[in-house]
Amino acid sequence: MRNSPQDRLADVAAAVVEVAVESAAAGTYTGGVGRALTAVIAKVGARLTVDAELRGFSSGWQEAVATLTPEPPAPAQQVPSQHASVVRIPGPPDRAEHG
């Protein structure tokens, strides 16, 4: 079974040509038949185009959202407290001393 848009359009075009040939063989092919068959191909082509655009938009949108979504943070590594060192930084001098 064919699933690609090109294959589906090719199937419709082949069916339209087949109908045109049968209509011509029966002597019933007219300009109206030709316009109707052309309209069938135009409708199917337009529908396939819209479907392809929507699929492209949808997948592009999903990629954009995935890019903007932050990844979950890595689990923090626990540092045992006996290995941590505390450094005290002296604050500014007391203003009363320099007053």
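Predicted, not measured: the structure shown is a model, and the values here were computed from it. Position labels on residues start from 1 in each chain and follow its written sequence. Two thresholds apply to this predicted model, a pLDDT of at least 70 for residue-level local features and 80 or more for giving and counting side-chain atom pairs, whereas whole-chain, interface and lining totals are computed over all residues. Hydrogens are left out, water is left out, and the side-chain values use all remaining heavy atoms of the structure.

**Quick word on the overall build of the chain**
In DSSP terms, a helix is any run of H or I states spanning at least four residues, a strand is any run of E spanning at least two, and both are numbered starting from the N terminus. When you go through the chain residue by residue, the secondary structure sums to three helices and zero strands. For the chain, the N- to C-terminal ordering of α and β elements is α-α-α. Burial status across the chain gives 6% buried among its 99 residues. Using the Shrake-Rupley algorithm and a 1.4 Å probe, accessible areas are obtained, with residue cover drawn only from the displayed protein chains. For the chain, the exposed surface amounts to about 8,700 Å²; the carbon and sulfur share of it is 61%. Burial classes: relative accessible area under 20% of the type maximum marks a residue as buried, over 50% as exposed, and values in between as partly exposed (1.4 Å probe, protein chains only).

**Looking at helix H2 (residues 31-68)**
Multiplying 1.5 Å by the residue count of a helix minus one yields the expected span of that helix. Here H2 spans 55 Å end to end across 38 residues, near enough to the 56 Å set by a 1.5 Å rise per residue. Where H2 is buried, its residues contact helix H1 (5-26). Two residues qualify as a contact provided that any one of their heavy atoms is within 4.5 Å of a heavy atom in the partner residue.

**Digging into the confidence of the model for the chain**
Here the chain averages 80 in pLDDT, and 75% of its residues register 70 or above. The predictor rates its confidence in each residue with pLDDT, a number between 0 and 100. Ranking the elements of the chain by mean pLDDT puts helix H3 (residues 95-98) last with 59 and H1 first with 92.

**Examining the side chain of Ser23**
In this structure, Ser23 sits in helix H1. We classify Ser23 as buried; its relative accessible area is 10%. For Ser23, the contacting residues outside a window of four places in its chain are Thr28, Tyr29 and Val33.

**Quick look at H1**
Taking 1.5 Å of rise per residue, 22 residues should cover 32 Å, and H1 covers 32 Å from first to last C-alpha, within 8% of that figure. Of the residues one or two after H1, Gly27 is the one with positive phi, at around 80°.

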